[in-house]
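Spelled out from the first residue to the last, the chains are:
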Amino acid sequence: MACMQRVQKSVAARGDQQVASAVAIQPRISAKPLLAGRPIVADSSALLLVGRAARQQLKATAAPPAPAPSSMPSKAMTGKPRALISLSDKTNLDMLVKGLAELGIEIISTGGTATAIQNAGVPCAKVEDVTGFPEMLDGRVKTLHPAVHGGILAVRDKPEHMAAIAQHNIGTIDLVIVNLYPFRKTVTSDPAPPFEVGVENIDIGGPAMIRAAAKNMAHVAVVVDPADYPQLLEALRGRQAGAEGAEAALSDLRKKLAWKAFQHCSSYDAQVSEWLWSQVGSGPAPQMTVPLQLAQALRYGENPHQAAAFYTDSSLREYNAGGVATSVVHWGKEMSYNNYLDADAAYQCCCDYSEPTCVIVKHTNPCGIASRGDLREAYRLSVRADPISAFGGIVAFNRAVDADLAREIREFRSPQDNETKMFYEIVIAPGYTPEGLEVLKGKSKNLRILEAKPRAPSGLSLRQVAGGWLWQDADSLSPEGISFKCVSEAQPTSQQLEDLKFAWRAVKHVKSNAITIAKDGRLLGMGSGQPNRVNSVRIAIEKAAGEVQGAVLASDAFFPFSWGDSVEIACKAGVKAIVHPGGSLRDQDAIDCCNKYGVVLLTTGVRHFRH
């Protein structure tokens, strides 16, 4: 009651005394966050405060300090268009800002970008001059302010929007030129950064501005790619000059740039999501987005009536992984859809071998493989394995091509007639000597010469089916990671064991049902893609011809039958050692058959289906 009486007396006094009295009896405010715009008080006596003066004083205490008015005139005052520029990638920044300045466009910028613009001799205002609010929270909050987003998002032909921003002295922003923190570069660096560093490189303000500008594409142009600066400046100059159709052209450009901006943010978010899942999850993520970048529009797909294109994968897992997708085409015709498929099959197979190796592929199946210290000899042996299939194929090496090897490729004649020069679609290798490259160019103006970082099967494999995708680890299992168990009476020699490993490595690159026959570090014959295994065995034996005697055979899956079937056919043909996964109900038949013919039989417990 004493408190109430003091307040009532204060209300009866003069106005300036009212405020003083209210301050004198105001309860202590606790240092807690504000809730719904009101302070949280330490005791309930605050409820006893009455009178207009007391309420006004509490409201003044609860409100945050008002920002200082902008030191830069708004567009409403100057009548000039404005551009907001905030860049991590400052490529061609000088050209951009000088072009904008010539067009009379005022520039607002942030941090290091503002400094770079000023160093280029172009005036610009800093964002804090526009917002009247300093950068805070270690840079986490810079542009997240109504003075920025109101200027971007206001719909120019809605009077209520324009009245709202005018009431708060917010000028419109007509161009938003932003690219994002280099998140991918940061999290893929070696050594990998701490988790906290990755988190701090997740851009917040940038995507917010990009999305806001893209949404308001009817009035705002958003640019996320320096490659688009010339087109933007050209469109702006055309409009300023009053060129016919310039306004419509600029409108169309804004829409295209908006699409690109949303896609840019989508790819960025996909990389952030992928990285976070790698930190907190395992196995297949409940949801995933794969960021793809158009590398090339192709003439057609597998057949001329099918449209096609080639995209590179910007996922973090593909960073610096090598392979055909990031290869350099030094020479030759434009790559086709089928070229990419065949080159990838050849190079992954070749890079799966650690010894100097040549692989020749036709329709994604290896028709020739040989490992030799001399790559020229490896090349010759690969051709001889199946010269008919090798003609028009793809040749891959896992070592650099020098001038001697290049001359061998250029001049080698088909073993079929020893006259016809071998023709190839592609040669791919991890490198070329300068002379080797020049020699190889002389083979044909159409020969595609590719250089790619080596890549054996690794990483994630995605494959499309109608309405969905299949996710699996790549088949990266090598013979070194497998236990070869001899289940026959005959034991393998050291040479046979090496040949069995060679054939086993090869068979995983052949389409199922797959059979390979090999000897002395080279493929003699293979059977691929047959609905039944026995036909694949017959084809492989036919291709190996007389060299099948004393050779070894590998099967990508177990033999369901042996007597009068695959195993006995191979034994009768002269095969001396066989390797297969095992696991059939009739495995004993395979063992008994090999024992009858004195053939070595090994099992691996591992299957290598390839569909």
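Cut-offs and rules
- For every chain, the first residue of the written sequence is number 1, and numbering continues from 1 along that sequence.
- In view of the model being predicted, local features appear only for residues whose pLDDT reaches at least 70, and side-chain atom pairs are presented and counted only at 80 or more, with totals across whole chains, interfaces and linings using the full set of residues.
- No hydrogens and no water enter the side-chain calculation; it runs on all heavy atoms of the structure.
- Comment: elements are numbered from the N terminus, with helices defined as DSSP H or I runs of at least four residues and strands as E runs of at least two.
- Only protein chains enter the accessibility calculation, which uses a 1.4 Å probe. A residue is then buried if its area is under 20% of the maximum for its type, exposed if over 50%, and partly exposed in between.
- Here a residue-residue contact requires only that any non-hydrogen atoms of the pair lie within 4.5 Å.
- Every accessible area reported is derived by Shrake-Rupley at a probe size of 1.4 Å, with residue values counting cover from the shown protein chains alone.
- Salt bridge, as used here: a side-chain nitrogen of Lys or Arg that lies within 4 Å of a carboxyl oxygen of Asp or Glu.
- Put simply, a patch holds well-exposed residues, over 30% relative accessible area, that have no salt bridge, with like charges counted together within 9 Å and Val, Leu, Ile, Met, Phe, Trp or Tyr side chains within 5 Å.
- For the purposes of this section, nonpolar cores are sets of buried Ala, Val, Leu, Ile, Met, Phe, Trp, Tyr and Cys residues that join through side-chain atoms within 4.5 Å.
- For every domain, the bounds stem from an assignment made automatically or drawn from a database.
- DSSP-based pairing: two strands are paired if at least 2 bridges between them are found.
- Note on definitions: angles span 0 to 180 degrees between N-to-C directions of axes, and those axes are lines fitted to C-alpha atoms, for helices only across the stretch in contact.
- Any N or O atom pair separated by 3.5 Å or less is treated as a polar contact, with the protein-specific requirement of one donor-capable and one acceptor-capable atom, and with residues adjacent in sequence counted only for side-chain atom pairs.
- Any angle that is under 35 degrees is reported as roughly parallel, and any over 145 degrees as roughly antiparallel; angles of 65 to 115 degrees are reported as roughly perpendicular and all others as oblique.
- Handedness of a helix crossing follows the sense of rotation of the near helix relative to the far helix, less than a right angle counterclockwise being left-handed and clockwise being right-handed.
- The residue classification treats Ala, Val, Leu, Ile, Met, Phe, Trp, Tyr, Cys and Pro as nonpolar and Asp, Glu, Lys and Arg as charged. All others, Gly included, are polar.
- When two cysteine sulfur atoms lie within 2.5 Å, the pair is treated as a disulfide.

Trainee: Break down the overall build of the protein chain for me, with residues and values.
Mentor: Secondary structure summary: the protein chain contains 23 helices and 21 strands in total. Buried residues in the protein chain amount to 46% of all 611 residues. Partitioning the contacts of the protein chain with sequence separation of at least 6, the portion at a separation of at least 24 is 62%. For the protein chain, the computed accessible surface area is about 30500 Å², with 53% contributed by carbon and sulfur atoms.

Trainee: Describe the pattern of salt bridges, listing the residues and the values that go with them.
Mentor: For the coordinates displayed, the defined rule picks out 23 salt bridges. With its nearest N and O atoms 3.5 Å apart, the salt bridge here joins Lys543 to Asp386. Highlighted residues: Lys543 in helix α21 (residues 533–544) and Asp386 in the loop between α16 (375–385) and α17 (387–390), separated in sequence by 157 residues. What makes Asp386 buried here is its relative accessible area of 11%. Ionic pairing is found between Arg448 and Glu425, a salt bridge with its closest N-O pair at 2.6 Å. With Arg448 in strand β13 (residues 448–451) and Glu425 in strand β12 (residues 424–429), this residue pair connects regions lying 23 residues apart in the sequence. Of the residues examined, Glu425 reaches a relative accessible area of 24% and is grouped as partly exposed. Bridged by salt links that share partners, the residues Arg410, Glu411, Arg413 and Lys421 form one connected network.

Trainee: Lay out unusual backbone geometry with the relevant residues and their values.
Mentor: With omega at 5 degrees, the peptide bond leading from Asp190 into Pro191 counts as cis. Within the secondary structure, Pro191 is located in the loop between α10 (183–187) and α11 (195–200). Going from Ser512 to Asn513, the amide bond is cis rather than trans, its omega being -10 degrees. Take Asn513: it is sitting in the loop between α20 (494–507) and β17 (515–519). Unusually for a residue other than glycine, Asn92 sits at a positive phi of about 60 degrees. Turning to its location among the elements, Asn92 is positioned in the loop between β1 (82–86) and α5 (93–102).

Trainee: Just give me the short version of a nonpolar patch on the surface, but keep the residues and values in it.
Mentor: On the surface, Met288, Leu462, Trp469 and Trp471 cluster together into a nonpolar patch covering about 420 Å² of accessible area. By the secondary structure assignment, Trp471 is in strand β15 (residues 468–473).

Trainee: Talk me through the environment of Pro356; I want residue IDs and the actual numbers.
Mentor: Its place among the elements puts Pro356 in the loop between α15 (337–351) and β9 (357–362). Overall, Pro356 belongs to the partly exposed group, its relative accessible area being 21%. With 41 residues separating them in the primary sequence, Pro356 and Phe397 have C-alpha atoms 7.6 Å apart. Contact partners of Pro356, with chain neighbours within four places excluded, come to Ala370, Ser371, Arg372, Gly373, Leu375, Asn398 and Arg399.

Trainee: So what's going on with the nonpolar core? Which residues, and what values?
Mentor: In terms of nonpolar packing, the biggest core is built from 43 residues, with Tyr347, Ile369, Ile426, Ile428, Trp504 and Val579 touching the most fellow members. Looking at which element gives the most residues to this core, the answer is α15, with eight residues. Two domains each donate at least three residues to this core, and these are domain 2 (293–451) and domain 3 (485–603). Leave out the neighbours within four places in its chain, and Trp504 touches Pro479, Ile482, Phe484, Ala554, Ser555, Val579, His580, Pro581, Thr604, Val606 and His608. Ranked by size, the runner-up nonpolar core spans 28 residues in total, among them Val130, Ala258, Cys265 and Val272.

Trainee: Please provide a residue-by-residue account of the sheet that holds strand β2 (residues 106–109), values included.
Mentor: Taken together, the five strands give an open sheet; going across it, the order is β3-β2-β1-β4-β5, and neighbouring strands pair in parallel fashion. The sheet is open, and its two borders are formed by β3 (125–126) and β5 (221–223), each paired with just one other strand. Pairing geometry for strand β4 (residues 175–178) and β5, over three bridges, is parallel. Opposite Val176, over in β5, you have Val222 as the bridge partner. The sheet strands contacting helix α12 (residues 205–215) are β1, β4 and β5, and the helix crosses β4 at an angle near 145 degrees.

Trainee: Would you mind going over the environment of Gly206 in detail, with residue names and values included?
Mentor: Topologically, Gly206 is positioned in helix α12. For Gly206, a relative accessible area of 6% gives the class buried. Counting along the chain gives 59 residues from Gly206 to Cys265, while the straight-line C-alpha distance between them is 9.3 Å. Sequence-distant contacts of Gly206, defined by excluding residues within four places in its chain, comprise Val178 and Leu180.

Trainee: With reference to specific residues and values, describe the side chain of Glu568.
Mentor: By the secondary structure assignment, Glu568 is in helix α22 (residues 566–573). Residue classification places Glu568 among the buried positions, given a relative accessible area of 10%. At 2.5 Å, the side chain of Glu568 and the backbone nitrogen of Gly564 are in polar contact. In this view, Glu568 contacts Ser562, Trp563, Cys593, Lys596 and Tyr597; residues no more than four positions away in its chain are not counted.

Trainee: Describe the packing of α16 against helix α18 (residues 403–411), and please don't skip the residues or the numbers.
Mentor: The contact between α16 and α18 brings their axes to 9 Å, and the two run at 20 degrees. When the interaxial angle is binned, α16 and α18 end up roughly parallel. The two elements α16 and α18 cross, and the hand of that crossing is right-handed. Taking contact as the criterion, the partners of Leu375, Arg376, Tyr379 and Arg380 in α16 are, on α18, Asp404, Leu405, Glu408 and Ile409. Looking at the contact of α16 with α18 residue by residue, the class counts come to four nonpolar, no polar and four charged.

Trainee: Could you give an account of the state of the cysteines, naming the residues involved and the relevant values?
Mentor: If you walk through the whole model with that rule in mind, you get zero disulfides. Of the cysteine sulfurs around Cys350, a residue in no disulfide, the closest is that of Cys351, at 5.7 Å. Here Cys350 falls in the buried class, since its relative accessible area comes to 0%. Take Cys358: it sits in no disulfide, and the sulfur closest to it among the cysteines is that of Cys350, at 6.6 Å. Relative accessible area serves as the criterion here: at 0%, Cys358 is assigned to the buried category.

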